[in-house]
Every structure is written in C-alpha cells, then in structure tokens.
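Geometric and topological summary
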Amino acid sequence: MTNKGIKLVWAGWDGDPTIGFSGRASKRWAEHLPAGTRMLLYETTGRAKGSKAKGTKSIVGEVEVAGSFEDGAAIRAADEQHDSVLPVKVAQARADVTPVALERVREILEDEKWPRRGESWRPLSDEKYQALLTEMRG
C-alpha cells in the first residue's frame, strides 16, 4: 500500500492542523495512514457547519500526517463534524500552490468519474502523485 494519496476536504481548507475522516473511513484506512503519509488536498464544494467558503473543486495544498487517529482524538477538529481526525503538518500551503482543477485531476488519475460518493481518500501510485504535485507547483 502506498503512503501517498489524495484526500477530499471541506471548502475553505487553509492550513488546518487536522484532517477529518468519518468513523467508517478512519477504521478502513487507519493502518494505511501512518505518520509521514503525504496527502494532496482536494477542496470540495461541501462546507463545514457555519462556513460560507466556496469550494474550488481543485487540489489546493499538501499535508503530511503527523500522528495517529488516537493522537487526533486528543486534538479534535475545531468544528467537531468528523468522527475521527488525523494531525497533519502543512507541506504546501494554499497560498503557495497553483490549484489543479477537477478536469485535470481526472485526466492524470485516468478516472473520469473521480471522486466517487463515499470516497474521501484515494491512495495513489508515486507516479500519479508526482504528476499531480508537479501540476500543483505550477
């Protein structure tokens, strides 16, 4: 299993210290998301409760997992809308990247139906991860 992938996040993501997962997704992926896992963050149009942010449907940053779901339980997400959170550190901040639009992400993934309902995390090969990272860095 790869330690790189793409994670869907709420509209308005900007350097948050945690990344949220549903309880089901956290159970499914916990052993595959150790500290050091790299995640490209794809901003959806879904909003956190009380947010007025508009999602861009694009990759807007990169983070590195900095702990476990158990560590995240001690921190918790500010909005408490996810059952489980992982602590992360920002590797590529939103302000420093060129967003990669949905159409281009689908092209690189060779998957015209991505993202699928219920798919909040997608492991990627090193080749696809690097291709998306290159696009994001402009």
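You'll find the structure just up there.
These notes cover the structure that comes with them. (Residues numbered from 1 in each chain as written. Predicted model: local features only at pLDDT ≥ 70, side-chain atom pairs only at ≥ 80, totals over all residues. Heavy atoms only, no water.)

1. Some points on the pattern of salt bridges
Applicable threshold: The term salt bridge refers to a side-chain nitrogen of Lys or Arg lying within 4 Å of a carboxyl oxygen of Asp or Glu. Helical segments are the DSSP runs of H or I of at least four residues, strand segments are the runs of E of at least two, and each set is numbered from the N terminus. Residue exposure (1.4 Å probe, protein chains only): buried if accessible area is under 20% of the type maximum, exposed if over 50%, otherwise partly exposed.
If you walk through the whole model with that rule in mind, you get 10 salt bridges. Note that Glu 62 is salt-bridged to Arg 38, the shortest N-O span being 3.2 Å. Highlighted residues: Glu 62 in strand E4 (residues 58–65) and Arg 38 in strand E3 (residues 38–43), separated in sequence by 24 residues. With a relative accessible area of 1%, Glu 62 lands in the buried category. The salt bridge involving Lys 89 is made with Glu 64; its shortest N-O contact spans 3.9 Å. In this pair, Lys 89 is assigned in strand E5 (residues 84–92) and Glu 64 in strand E4, connecting sequence segments 25 residues apart. Residue classification places Lys 89 among the partly exposed residues on the basis of a relative accessible area of 47%.

2. Some remarks on the side chain of Lys 7
To keep it simple, the criterion reads: The charge count treats Lys and Arg as positive and Asp and Glu as negative. His and the chain ends do not count. Identification of polar contacts relies on pairs of N or O atoms within 3.5 Å, with a donor-acceptor requirement for protein atoms, meaning one able to donate a hydrogen and the other able to accept it, and with residues adjacent in sequence counted only if both atoms are side-chain atoms. Any two residues whose heavy atoms approach within 4.5 Å at even a single point are treated as in contact.
Tracing the sequence through the fold places Lys 7 in strand E1 (residues 4–9). Buried charge without a partner: Lys 7 forms no salt bridge, and the closest opposite charge is Asp 16, 11 Å away. A polar contact is formed between the side chain of Lys 7 and the backbone oxygen of Gly 20, at a distance of 3.0 Å. The contacts of Lys 7, once residues within four sequence positions are left out, are Ile 19, Gly 20, Phe 21, Met 39, Leu 40, Leu 41, Tyr 42, Ser 120 and Trp 121.

3. Focus: the packing of aromatic side chains
The cut-off we apply is this: Stacked, tilted and edge-to-face pairs are distinguished by plane angle, under 30 degrees for stacked and over 60 for edge-to-face with tilted covering the rest, among Phe, Tyr and Trp rings (Trp via its six-membered ring) whose centres lie within 6.5 Å. A positively charged side chain is recorded as over a ring if its NZ (Lys) or CZ (Arg) lies within 6 Å of the ring centre. The angle to the ring normal must also be within 35 degrees.
Applying the stated criterion to the full structure yields 2 aromatic pairs. Judged by centre distance (5.4 Å) and plane angle (85 degrees), the rings of Phe 21 and Phe 69 are edge-to-face. Pair noted here: Phe 21 is in strand E2 (residues 18–21) and Phe 69 is in helix H2 (residues 69–75), with a separation of 48 residues, a long-range link. We note that Phe 21, like Phe 69, is buried. For the ring pair Tyr 42 and Trp 114, a centre distance of 4.9 Å and an interplane angle of 75 degrees mean the geometry is edge-to-face. Here Tyr 42, found in strand E3, pairs with Trp 114, found in the loop between helix H3 (102–109) and strand E7 (121–123); they are 72 residues apart in sequence, far enough to count as distant. By the burial criterion, Tyr 42 is buried, and Trp 114 matches it. Taking the ring centre of Phe 21 as reference, the NZ or CZ of Lys 7 above it sits at 4.5 Å.

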